[in-house]
There are 2 protein chains.
Amino acid sequence: MKKLDLKNGTVDLTHGGGGRAMNQLIHKVFTTAFSNTYLNQGNDQATFKAPLGRMVISTDSFVISPLFFPGGNIGSLAVHGTVNDVAMSGAKPLYLSAGFIIEEGFPLADLTHIVDSMAEAAREAGVFIVTGDTKVVERGKGDGIFITTTGVGSVPDGLDLSGEKIQPGNAVLVSGTIGDHGVAIMSKREGLSFETAIHSDSASLNHMIAEMVEAVPSIRCMRDPTRGGLAATLNELAQQSGLGISLNESAIPLHAEVAGACELLGLDPLNVANEGKLIAICPAKDAEKLLAVMQANELGVDAAIIGEAVVDERYFVSMKTTMGGTRLVDWLSGEQLPRIC
Amino acid sequence: MKKLDLKNGTVDLTHGGGGRAMNQLIHKVFTTAFSNTYLNQGNDQATFKAPLGRMVISTDSFVISPLFFPGGNIGSLAVHGTVNDVAMSGAKPLYLSAGFIIEEGFPLADLTHIVDSMAEAAREAGVFIVTGDTKVVERGKGDGIFITTTGVGSVPDGLDLSGEKIQPGNAVLVSGTIGDHGVAIMSKREGLSFETAIHSDSASLNHMIAEMVEAVPSIRCMRDPTRGGLAATLNELAQQSGLGISLNESAIPLHAEVAGACELLGLDPLNVANEGKLIAICPAKDAEKLLAVMQANELGVDAAIIGEAVVDERYFVSMKTTMGGTRLVDWLSGEQLPRIC
């Protein structure tokens, strides 16, 4: 069998066939980058010692386009996104699995770049990619590469976060500027080119979250406002808690460049996707303490208290605008642009 | 927002956008079919009590074409395949996650059918689908639907199966006829139409495995010979154990119709994919007992002892043929046909 040409070669259908070619791809590309004692067991499943107490599991499929964007690529995003979904429960993310669906003809150099980014993101987050799968589809039946990651984590004893636990008067915090990811992706889309220095905020938030739940165990709920942005996530939380949410527009952190890009594109930044931000809801009396913990972490320097939960039988999210009025913050039917993550 | 037309409607890009349309699709299609206390928590991750001892995690992406085939569809297959990958370690599968990548325009009736099949397969296997994700890609950037499932399970105390544990003289068993899945799929492929009554063997083997490991805890290793068939799996095990494997062709269970189809297509049944079969390796002295346990289960009635592990520094898999000779059982570079699972 010919040697894998990682510089100029491409993925072909034999790489998904379960034979020698797939074995070679797995060993040269995936095992090399992800190497850890779990993955290296070489079985179709990875074994690990169960942590004590409660665990969480979360999964996300990543189909972002373009695959490479300012601030990351589909590989780093696939680690950050699932690490964050696990961590939002307050859990410590431990292990990830990764399923790859690759289109025939995909450059091996791009695959290696993506896989290396995943490995780097996993190291930073302190998680192991312990098992995986590779499938190859014919040219025109996919779009380069799709990655599905699943993460499991361990919930600290006594912690039980849920949208249902939100109480009227609870403070709503966001960990930083909103809309950065969505604007960074849109700036690279065909037909939408515009100049911006904005990078995606894609990042693993688990270390900051560990600091947050340790300092303020009274946190009710955390959520990452990805697809659909802050508006969709807050509307989901309003529904789940049976409360309304009242926001102060002037308190919401927003890069001037993101505001400008949204104005240009006719978008509301509240609907634009984030990948390295979280919303946290906690008792009002603990809000300043939580804010200080977030601001002390490099991923939360722009954190802010942006509103509060209120009694509202209609479960509305409303916002006091910088103009002095109040408007409803609705969620859209869909994302403004598909494949933002 | 308009009502979902589950009979004549199709998936559109808004269904992957994180807004109201996605929320509606999730509730009408996924939550309804999969309903369980874990999924119904409604968070971005599911929480469960960690079992004591060791756990396993395994993942598979399913890209099978056609989506519907004799004996199943991509939904039932996505449950069976991951349940089996978890169970091959001897573990009891507990929870599954499911990531869906759907092509714009995919019929909602087909999606509902597939999701219902997943729910049914999960009930039969005794596992819960506890969390998931939905992405939609533009027409021509996918192929109907791809599903990635990840499973976690709990390993019975004291059990530690691995290919490395295989010893010279150990018996090699297979749970039934080989090649059924691959032939069933090929019979439906465009350009390959031929008449056959063969159905895919796609099934969850976890209940039979629980009986096997309880009766014969000396089992060294189990593996499901999916992509690449018996030949690829046995070659992997030979490499992992540093031994050779010697097979008896006359002992390998094979439907006459599968043999005929393989002859017609110029294929070796040893290379053809299975989805509801397993290979088990155990000490020779326990082989008859293990065989009896397998044959007593409806999924193992055709089980057979097909060979043994032997000392061979080249790690070759060889086979005594029905003609009286011996031939090498090599694994192919790739699958004969892509997208068999």
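Refer to the structure presented above.
**Details of the overall build of chain A**
Part 1 of the argument: Summing up its helical and strand segments, chain A has eight helices and 14 strands in all.
Part 2 of the argument: The C-alpha radius of gyration computed for chain A amounts to 21 Å, which stays within 12% of the reference 20 Å derived for 341 residues, consistent with globular compactness.
Part 3 of the argument: Considered along the principal axes of its C-alpha atoms, chain A spans approximately 70 × 50 × 35 Å.
Part 4 of the argument: For chain A, with 341 residues in total, the buried portion stands at 63%.
Part 5 of the argument: At a minimum sequence separation of 6, the contacts of chain A that also span at least 24 residues come to 84%.

**Describing the interface of chain B and chain A**
Part 1 of the argument: Facing 79 residues of chain B, the contacting portion of chain A comprises 79 residues.
Part 2 of the argument: With both chains or domains summed, chain B and chain A bury close to 6000 Å², and 52% of this area falls on carbon and sulfur atoms.
Part 3 of the argument: Taken as a group, B:R20, B:I57 and B:R227 account for 12% of the area that chain B buries against chain A, more than any other trio of residues on that side.
Part 4 of the argument: Applying the counting criterion to the chain B and chain A interface returns 10 salt bridges.
Part 5 of the argument: Put simply, B:D60 and A:K135 hold a salt bridge, and the shortest N to O gap is 3.9 Å.
Part 6 of the argument: Elements represented by at least two residues in the side of chain B that touches chain A include exactly α1 (20-34), β1 (46-49), β2 (54-62), α2 (74-87), β5 (92-103), β6 (128-137), β7 (145-154) and α6 (229-241) of chain B.

**Remarks on the packing of aromatic side chains**
In this description, a pair of aromatic rings is defined by centroid distance and the angle of the planes.
Part 1 of the argument: Tallied over the full model, the rule gives 11 aromatic pairs over all chains.
Part 2 of the argument: Arranged with centres 5.4 Å apart and planes meeting at 50 degrees, the rings of A:Y38 and A:F128 form a pair that is tilted. Of this pair, A:Y38 sits in the loop between α1 (20-34) and β1 (46-49) while A:F128 sits in strand β6 (residues 128-137); the two residues are 90 residues apart in sequence, bridging distant segments of the chain.
Part 3 of the argument: Overall, A:F128 belongs to the partly exposed group, its relative accessible area being 38%.
Part 4 of the argument: Ring centres of B:F30 and B:F100 lie 4.6 Å apart, and the angle between their planes is 45 degrees; on these two criteria the pair is classed as tilted. Here B:F100 lies in strand β5 and B:F30 lies in helix α1, a separation of 70 residues in the sequence.
Part 5 of the argument: By relative accessible area, B:F30 is classed as buried at 6%.

**Thoughts on the sheet that holds β2(B)**
Part 1 of the argument: Pairing is mixed across the open sheet formed by five strands, whose spatial order is β1(A)-β2(B)-β7(B)-β5(B)-β6(B). Every interior strand has two partners, whereas the edge strands, β1 of chain A together with β6 of chain B, have only one. Each strand of the sheet is rotated relative to its neighbour by a mean of 20 degrees, with strand direction disregarded.
Part 2 of the argument: As judged from the nine bridges shared by β5(B) and β6(B), these two strands associate in the parallel manner. Bridge pairing in β6(B) places B:A98 opposite B:G132.
Part 3 of the argument: Most of the contacts of α2(B) go to β2(B), to which it runs at about 150 degrees, and overall it touches β2, β5, β6 and β7 of chain B.

**Concerning α1(A)**
Each α-helix turn comprises 3.6 residues. Residues three or four places apart therefore point the same way.
Part 1 of the argument: Here α1(A) contains 15 residues, and its C-alpha end-to-end distance of 20 Å stays within 8% of the 21 Å for a straight helix at 1.5 Å per residue.
Part 2 of the argument: Considering bend angle alone, the principal kink of α1(A) is centred on A:H27 and spans about 35 degrees.
Part 3 of the argument: Taken residue by residue, α1(A) has A:A21, A:M22, A:N23, A:Q24, A:L25, A:V29, A:F30, A:T31, A:A33 and A:F34 as its buried positions.
Part 4 of the argument: Each element contacted by the buried residues of α1(A) is listed here: β5 (92-103), α3 (108-125) and β6 of chain A together with α6 of chain B.

**Let's talk about the pairing of β7(B)**
Residues and elements named next belong to chain B.
Part 1 of the argument: When you tally the buried positions in β7, you get 10 out of 10 residues, the bulk of the element.
Part 2 of the argument: Taking every second residue as pointing to the same face, both faces of β7 are buried, with I145, I147, T149, G151 and G153 on one and F146, T148, T150, V152 and S154 on the other.
Part 3 of the argument: Where β2 lies against β7, eight bridges are found, and the strand directions are antiparallel. Across the sheet, the residue bridging to S58 is G151, located in β7.
Part 4 of the argument: Inspection of the sheet shows β5 paired to β7 by 10 bridges, in the antiparallel sense. Opposite P93, over in β7, you have G153 as the bridge partner.

**A few points about the pattern of salt bridges**
Part 1 of the argument: Per the stated rule, a full pass over the model turns up 32 salt bridges over all chains.
Part 2 of the argument: Here A:R339 makes a salt bridge to B:E138, at a shortest N to O gap of 2.8 Å. Of this pair, A:R339 sits in the segment after β14 (326-328) while B:E138 sits in the loop between β6 and β7, placing the two residues on different chains.
Part 3 of the argument: Taking relative accessible area as the criterion, A:R339 reaches 6% and is therefore assigned buried.
Part 4 of the argument: Note on B:E138: relative accessible area 24%, which makes it partly exposed.
Part 5 of the argument: Several salt bridges share partner residues, and in doing so they unite A:D60, A:R227, B:D133 and B:K135 into one network.

**A closer look at the packing of helix α5 (residues 206-215) of chain A against helix α8 (residues 287-295) of chain A**
Residue and element names in this part refer to chain A.
Part 1 of the argument: The N-to-C vectors of α5 and α8 enclose an angle of 155 degrees; their axes lie 9 Å apart at closest approach. Accordingly, the angle class assigned to the pair α5 and α8 is roughly antiparallel. You can see that α5 and α8 cross each other, and the crossing is right-handed. Taking contact as the criterion, the partners of M208, E211, M212 and A215 in α5 are, on α8, K289, L290, V293 and M294.
Part 2 of the argument: Its residues assigned to classes, the contact of α5 with α8 shows six nonpolar, no polar and two charged.

**Observations concerning the sheet that holds strand β8 (residues 171-174) of chain B**
Residues and elements named next belong to chain B.
Part 1 of the argument: If you walk across this open sheet you meet the seven strands as β9-β11-β8-β12-β10-β13-β14, and the pairing is mixed. Where the open sheet ends on each side, the last strands, each with one partner, are β9 (221-223) and β14 (326-328). On average, each strand axis in the sheet is inclined to that of its neighbour by 25 degrees, with strand direction left out of account.
Part 2 of the argument: Summarising the sheet, strand β13 (residues 317-320) and β14 pair through three bridges and their orientation is antiparallel. Looking across to β14, one finds that S318 is bridged to L328.
Part 3 of the argument: The sheet contacts of helix α8 (residues 287-295) involve β8, β11 (279-282) and β12 (304-310), and relative to β8 the element is tilted by about 10 degrees.

Parameters and conventions
Position labels on residues start from 1 in each chain and follow its written sequence. As a convention, the first chain written is A and the first ligand written is 1, with the rest following in written order. Per-residue local features are limited, in this predicted model, to residues with pLDDT of at least 70; the limit for side-chain atom pairs, both in listing and counting, is 80 or more; totals at the level of whole chains, interfaces and linings are taken over all residues. Hydrogens and waters are ignored; side-chain quantities use all the structure's heavy atoms. For helices the rule is a DSSP run of H or I covering at least 4 residues; for strands it is a run of E covering at least 2, with both sets numbered from the N terminus onward. In this setup the radius of gyration rests on C-alpha atoms only. A globule is expected at 2.2 Å times the number of residues raised to 0.38. Buried residues are those whose accessible area, probed at 1.4 Å on protein chains only, stays under 20% of the maximum for their type, while exposed residues exceed 50% and partly exposed ones sit between those limits. Residues count as neighbours in contact if any of their non-hydrogen atoms are within 4.5 Å of one another. Note on definitions: buried area is the accessible-area loss of two parts on being combined, 1.4 Å probe, summed for both. When a carboxyl oxygen of Asp or Glu is within 4 Å of a side-chain nitrogen of Lys or Arg, the pair counts as a salt bridge. When two rings of Phe, Tyr or Trp (its six-membered ring) have centres within 6.5 Å they constitute a pair, described as stacked for plane angles under 30 degrees, edge-to-face for angles over 60, and tilted for the intermediate range. A pair of strands is treated as paired once DSSP finds two or more bridges between them. Only the stretch in contact is used when fitting a helix axis, every axis being a line fitted to C-alpha atoms; angles between N-to-C directions are given from 0 to 180 degrees. Between the first and last residue of a helix there are one fewer steps than residues, each counted as 1.5 Å, and that sum is the expected span. What is called the bend at a residue is the angle between a pair of axes, fitted to the seven residues leading up to and ending at it and to the seven starting from it. Comment on the angle field: the value is read as roughly parallel under 35 degrees, roughly antiparallel over 145, roughly perpendicular from 65 to 115, and oblique elsewhere. By definition, turning the near helix anticlockwise from the far helix through less than a right angle yields a left-handed crossing, and turning it clockwise yields a right-handed one. Classes in brief: Ala, Val, Leu, Ile, Met, Phe, Trp, Tyr, Cys and Pro nonpolar; Asp, Glu, Lys and Arg charged; the others, Gly included, polar.

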